[in-house]
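Understanding the architecture of this molecule
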Amino acid sequence: MMVRTKALVIKEYIVGESDKYITLFTKDLGRIQAIAPKAKKSDKGFASATQLFVYGDFMLTSYKDTYRLVSVDLIEMFHNIRNDLSALSYASYMMEFIYYVTEPGLSQSELLKLTLVTLQALSKSEADYKRIRRVFEIRALGLLGFMPQLFACVDCGLAIDEKAEAHYYFSAEAGGLVCKGCKGTYEDGVSLSYSTLYTLQYILTVSLKQLYHFQISEEVQKELDAVGNHYVPYYVDKPFKTLDFIERLEKL
Ligand SMILES: [Zn+2]
């Protein structure tokens, strides 16, 4: 059977002499693995069209659960990402994240759109990689159904008061904000300033087009880092291979 779908290459690996396996995050079929015949040879075949971060219109044949690549019409290659070590590292982390949260047969087209917008943001010169990473993580978890409660305390319902700065905490275990009085119930509360709280609300509700069009202070970045460091492993408990390198980069 012939299938055609838009898809992003999220993983690639060589098999044998010249063939290559690729993992695609497709618009219609969720995550699939496909064999790309003769893709290893750079002079012919699918060498460039099956690289990591290639987004295209893929034509495949399927037999049982096996897909075989027939042709690709390139839509976007994200060249700039390949030319910058930091951009490459963060983009690789996002591909690993996507690999863990997608599954065969489950179409997640909003998540695919988010991933493409994020790769575009990473491609820009002077991109703020640390901010992009946290925005991506938080927005992606929201799309995956882990939308945190950010407008009142999860436990007692106490509403947000702008003047009560730093009296709110973010807890992955609670599923959102907890007030000072309820914090004791949870072990993982991260203290939030009102600016960070507002930033979180913005990240989860703004249109995709506006998602990367804002600046944040160093303080907000630190709090977003703390939120991400609790929130991501709570829901995506996987051994991220790409994170060690990013952590070393961030210390430079
Ligand atoms: Zn409370």
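Residues numbered from 1 in each chain as written. Predicted model: local features only at pLDDT ≥ 70, side-chain atom pairs only at ≥ 80, totals over all residues. Heavy atoms only, no water.

Moving on to the sheet that holds strand β6 (residues 168-171). Here three strands make up an open sheet; going across it, the order is β7-β6-β8 and the pairing antiparallel. Of all strands in the sheet, those with a lone pairing partner are β7 (176-179) and β8 (190-192), marking the two edges. Mean inter-strand twist for the sheet, computed between neighbouring axes without regard to direction, equals 40°. Contacts from helix α5 (residues 194-205) reach β6, β7 and β8 within the one sheet, and its direction differs from that of β8 by about 95°. Against the sheet, helix α6 (residues 218-235) makes contact with β6 and β8, and its axis sits at roughly 145° relative to β8, the strand it touches most. (Pairing = 2+ DSSP bridges. Helix = DSSP H or I, 4+ residues; strand = E, 2+ residues; numbered from the N terminus. Axes fitted to C-alpha atoms, helices over the stretch in contact; angles between N-to-C directions. Contact = heavy atoms within 4.5 Å.)

The subject of this paragraph is the sheet that holds strand β5 (residues 66-76). Strand order in the closed barrel made by the five strands is β1-β2-β3-β5-β4, with mixed pairing throughout. Strand after strand, the sheet turns through a mean of 50° between neighbouring axes, direction not considered. When strand β1 (residues 2-15) meets strand β4 (residues 55-63), the two strands line up antiparallel, connected through seven bridges. Directly across from Arg4, in β4, lies its bridge partner Met59. Contacting β1, β2 (19-26) and β3 (30-36), helix α2 (residues 85-101) crosses the sheet at an angle of about 120° to β1.

The analysis is restricted to geometry; functional conclusions fall outside its scope.
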